[in-house]
Structure formats: C-alpha cells, structure tokens
Amino acid sequence: MAELPPPTLRFDGACPDCGERVARLPLPIPGVEDDFDWRVRDYDSFRLFMMQELASRFPERQRWTPADTEVVIVELLAAALDRASHALDRVQGERFIDSARRPESVRRLLGLIGWQVDPATQTDLAEAEAARVAALNADLDPEDQIAPRDMSLLIEEHWRRNPTRMEAARRAGPRRVFEQNRMVTAEDHEVMLRSHPLVALAKSRLVWTGSWQSLMVAALLVGDLGLDDPLHEGAPAEVPSALRPDLWAEVVLFHEVRGLPLPPVNAALSGRRILRGMIEQYRMIGSEVFLETARPATVTLVLSVRARPGYFRSELRQALAQVFTADTGGFFEPGRLGFGAALYASDIIEAAMQVEGVAVACLNLMKRAGRKHPDQTAEGVIPVADDEFIRCMNDPTDPGRGTFRIDVNGGEAG
C-alpha cells in the first residue's frame, strides 16, 4: 500500500498563529490507453483484432501467413476466447426463464414463481421410478438396495428426454403467478383440499362461535376412510397398511413438491394428521380451520336384470358387480357423486344397460338406509342435503355403509 508524504506546517500572513498543514501528493498515474472493442464476442473478431495489433506493432513486416508462429498463436488465442465468450453467454442465459437451456435452471427459475408439475405427470414419473427401483432392487440384498430419486431429478430427466415438455412448462410457468395458492375464501379451502390425493370431496362452511367466525371443512377421504381412522397398524413402515402403495406414493409426491410436512408412518398416522400440515401451510394467519367428517347419505338398492339368451347369469352378475363397485372407477366410488348430488334411478339403469348381455334392467328397491326412510323407487330419485354425499360401499361385513343387491334372471344357468 502506498504511503502518503508527511505534511508540512506553513504559516502565511500577518498572524503568526494562523497556519495550515500542506501535503504534496504524487502526480496521478497516467491512464492506460484502451483501444479494445469490448463488444468483440466471436472467433473472427478476436483474430482480426489481434492481427491488427501485430500489424501496428511491427509495421516493417508486410506479410503474414497462416504458417507463421505468431499467426498460429493468435488463432489459438482467438479460439480459446471464443469458447470463453460462449460460456459466459450460456451462464448469463441461465439466469432468465426465456433463455435458460438446462432443465435444472428452468426448474429452479419456475420454482421461484410457484410453478409445480401437473399431478398427472407427477403420478406417471413416480410410478415409472417405483418400477425402475423395484427392478434394480430385485436381486440386491436389503442393505444394498437403492432409494427412489426425488421429484426434482425425475422432472429434469423427463425434460431431457422430452424437450417439448420443458418448453411447454417454460411458457405456462409465468402465468402461474396469478393463481391463488392461499386459502382465503371458503371456496379456496374446498379447492385446496380437493387437490390432495387423499381427499375425494371437500365442503366448507362458516360458523359463528360467538366472538369470531370459524371455518369448518367436511372432508371425505378416498375409500370412505374416516378422518381419525388409523392408516397404519404394527411397526413403523414406509407405506401405511391401510393405503394402496400407488396412492401413498401420490401423497408423498404431493407433499414433497409443495414442501409440506408429512407425519411419520406409525400407529398414530391418520387422515386428519396428514391434512393438518397442509391446512397450517396455506390458511390465513389468525383464522380457525377445523376438519370434520363428511355426512354420508347411505343407500340400499336392489337391481333386477334379465340376461339375454346365451349369457351365463353368474358371469353377468359378476360384470354388473364390477360396474357398481365402490372401488376406484366404480359407480359408487366415494366422491364420484359430489356433495348435494342426488342419486337418480335413470343413471343406474343406464349404467346397467351398458353391460353386454343385459336385456332388461329395473330397480325393485331404492331408498336411504334405515326404516324411517321411505322407498323412492316410484319417484326415481334419492335427494340429499347440500352437505351430504351418496354412500353405498356394499361391504357384506358392514351393511350399515350401504348395500346393493343384484338379481339376474333369464339367460343360461351357471
């Protein structure tokens, strides 16, 4: 570090006590001439500039050939500078969503504005990864088995194989800024909870507690699970025993993508505990949100069909049972009919007539479960309240959750 010269005390004027300190500073360093064009970015421009510099420094030399050592060095330097310039441009381009090329850069930039991969793609990627891991671990010892990759790596690999998908996400991502990802209104609570893989239906209502309003959200879980039913029995595990592995994979993926907490898989795991983490993340500060069990409208039905000639009655009964099952994709899948959606006889008849081999179908009994409820066969509809949903699980071990009997006549015996 340069040292300053020592100052001197100088007195000028008639007053002997009036003086000033004076330091003689060195002259400023002369500026360095800079005739370089800082807009030069490519090989040809770098080579031309350096050749012009050589010609200006050695004016006595009138001829330069590609075999000259100086020219070879210039061309090597120009090529290196061209690569460095290209690298700088690439690095600079990765900072912006419209110019980023690497999948990891696009994913991080989209994540800053709240972009999330659509649920269908999440499910496809998670299932493909589960199949890949299962195949790799088939012949490995438990201590050597590999774990599934997280969703971020799966998305990046998916975009490398399908660049058009990355471009679609690049265009759609900025529009997500205008989407509401907080639970403010009652409708927001319904929409956010319905987006969870574990929730089939959600219905919210405001309740005055005497001092403020609380928001009550009735949630129907998939498979008609209760909010407080234990989802796992026995020792802690990776997958709850009460859920399908593919459904639990969707739940884990949903929480991972959104950064939501997920309770451990043990005997205390329940649907309420899983959803509370989501509610606490998205609810407004100072608002009370309570989960309550959805109100079921349990129904009892008896369907009679006549089989066409040449169709076995047992096979037709089995095919109809598959149509009107409460499993995923069935007519009575919990949540397929929303809150307040009435059950119409015409819909049941139409679904039955779609089965090959059914000649005639009619309902002999159509009512809500319980002696106090009348038969609605003549009316052809079972109305329900706005906060109720149709339930018919047809579980022989639990008839209180709805029954559906199928009588088949005609056709062939067997």
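Numbering of residues starts from 1 in every chain and runs along the sequence as written. Two thresholds apply to this predicted model, a pLDDT of at least 70 for residue-level local features and 80 or more for giving and counting side-chain atom pairs, whereas whole-chain, interface and lining totals are computed over all residues. Hydrogen atoms and water are omitted, and side-chain values are computed over all heavy atoms in the structure.

**Some details on the overall build of the protein**
For clarity, the threshold we go by: Strands are runs of DSSP state E lasting at least 2 residues, helices are runs of H or I lasting at least 4, and numbering of each runs from the N terminus. In this setup the radius of gyration rests on C-alpha atoms only. A globule is expected at 2.2 Å times the number of residues raised to 0.38. Accessibility here uses a 1.4 Å probe with only protein chains present; expressed as a share of the type maximum, an area under 20% marks a residue as buried, one over 50% as exposed, and anything in between as partly exposed. In what follows, residue pairs with any heavy atoms lying within 4.5 Å of each other are defined as contacts. Residue exposure ignores everything except the shown protein chains as possible cover, and the areas themselves are Shrake-Rupley values with a 1.4 Å probe. Working convention for charge: Lys and Arg count positive, Asp and Glu count negative, and His plus the chain ends are omitted. To locate a charge, the coordinates of NZ of Lys, CZ of Arg, CG of Asp or CD of Glu are taken.
Counting its regular elements, the protein contains 11 helices and 11 strands. Since a compact globule built from 414 residues should have a radius of gyration of about 22 Å, the 37 Å found for the protein marks it as more spread out than a globular shape. The 414 residues of the protein split such that 35% are buried. Across the protein, contacts joining residues at least 24 apart in sequence account for 61% of those joining residues at least 6 apart. Carbon and sulfur atoms provide 55% of the accessible area of the protein, an area that totals close to 25,600 Å². Computed over 48 positive and 62 negative side-chain charges, the separation of the two mean positions in the protein equals 4 Å.

**Focus on the nonpolar core**
Cut-off, in case you're wondering: By nonpolar core is meant a set of buried Ala, Val, Leu, Ile, Met, Phe, Trp, Tyr and Cys residues that side-chain atoms within 4.5 Å join together.
In terms of nonpolar packing, the biggest core is built from 29 residues, with L301, L320, F324, F332, L343 and F404 touching the most fellow members. Looking at this core, the elements that each hand over two or more residues are β6 (295–312), α10 (313–323), α11 (345–353), β8 (358–368) and β11 (403–412). Ranked by residues supplied to this core, first place goes to β6 with 6 residues. Residues within four places of L301 in sequence aside, it is in contact with F332, L343, I348, L363, L365, M366, C392, T403, F404 and R405.

**Regarding the environment of L154**
The residue L154 is located in helix α5 (residues 151–161) in this model. On the basis of relative accessible area, L154 is assigned to the buried category, the value being 8%. When the C-alpha positions of L154 and L269 are compared, they lie 28 Å apart, and in sequence the two are 115 residues distant. With sequence-adjacent residues up to four places away left out, L154 is seen in contact with L125, E129 and R149.

**Some remarks on the packing of aromatic side chains**
Stated precisely, the cut-off is as follows: Ring geometry is summarised as follows: Phe, Tyr and Trp rings, the Trp one being its six-membered ring, pair when their centres sit within 6.5 Å, and such pairs are stacked at plane angles under 30 degrees, edge-to-face over 60 and tilted between the two. Put simply, a charge is over a ring when the Lys NZ or the Arg CZ is close to the ring centre, within 6 Å, and near the line of the ring normal, within 35 degrees.
All told, the structure shown has 7 aromatic pairs when counted by the stated rule. A ring pair is formed by F332 and F404, whose centres lie 5.6 Å apart and whose planes are at 55 degrees; its orientation type is tilted. Pair noted here: F332 is in the loop between α10 and β7 (343–344) and F404 is in strand β11, with a separation of 72 residues, a long-range link. Chaining the aromatic ring pairs together yields one cluster made of F324, F331, F332 and F404. We note R61 situated over the ring of W64; from NZ or CZ to the ring centre the distance is 3.9 Å. Lying over the aromatic face of F331, R336 brings its terminal NZ or CZ to 4.3 Å of the ring centre.

**Looking at the sheet that holds strand β5 (residues 289–293)**
The test is simple: Here, any two strands with at least 2 DSSP bridges between them count as paired. Geometry is summarised by axes, namely lines fitted to C-alpha atoms with helices restricted to the contacting stretch, and by angles between N-to-C directions that run from 0 to 180 degrees.
Read from one edge to the other, the open sheet built from 3 strands follows the order β3-β4-β5, with strand pairing classed as mixed. Each end of this open sheet is capped by a strand with a single partner; those strands are β3 (199–208) and β5. Neighbouring strand axes in the sheet, compared pairwise and without regard to direction, differ in orientation by 30 degrees on average. Relative to strand β4 (residues 213–221), β3 runs antiparallel, the two sharing 9 bridges.

**Some remarks on the state of the cysteines**
Any covalent bond linking the sulfur atoms of two cysteines counts as a disulfide. Note the cut-off: Pairs of cysteine sulfur atoms within 2.5 Å are what we label disulfides.
Scanning the model with the defined rule gives 0 disulfides in all. There is no disulfide at C392, and the cysteine sulfur nearest it, in C362, is 17 Å away. Look at C392 and you get buried, because its relative accessible area is 1%.

**What about the pattern of salt bridges?**
Using the following cut-off: A pairing counts as a salt bridge when a side-chain nitrogen of Lys or Arg comes within 4 Å of a carboxyl oxygen of Asp or Glu.
Considering all chains together, one arrives at 28 salt bridges under this definition. The residue R132 makes a salt bridge to E129 at a minimum N-O spacing of 2.9 Å. Of the two residues, R132 and E129 are both situated in helix α4 (residues 119–137); the distance of 3 residues between them amounts to about one turn of the helix. You can call R132 partly exposed: its relative accessible area is 31%.

**Details of the side chain of S214**
Rules: Pairs of N or O atoms within 3.5 Å make up the polar contacts considered here, provided that, within protein, one atom can donate a hydrogen while the other can accept it, and that residues adjacent in sequence are counted only when both atoms are side-chain atoms.
Inspection of the secondary structure assignment puts S214 in strand β4. Here the side chain of S214 touches E288 through a polar contact of 2.7 Å, side chain to side chain. For S214, the contacting residues outside a window of four places in its chain are R205, L206, V207, T209, E288 and F290.

**Topic: helix α1 (residues 43–57)**
Heads up, the condition is: Here, expected helix span is obtained from the residue count minus one, scaled by 1.5 Å. This arc is built from the directions going out from the helix axis to the C-beta atoms.
Taking 1.5 Å per residue as the helical rise, α1 with its 15 residues ought to reach 21 Å, and the 21 Å between its terminal C-alpha atoms agrees with that figure. Along α1, the positions that sit buried rather than exposed are F46, M50, M51 and L54. Down the axis of α1, the buried side of the element spans an arc of 125 degrees, and every buried residue falls inside it. In α1, the exposed positions that point more than 90 degrees away from the buried face belong to D44 and S56. At its buried positions, α1 is contacted by α2 (69–93).

Function cannot be read off these values alone, since they describe shape.
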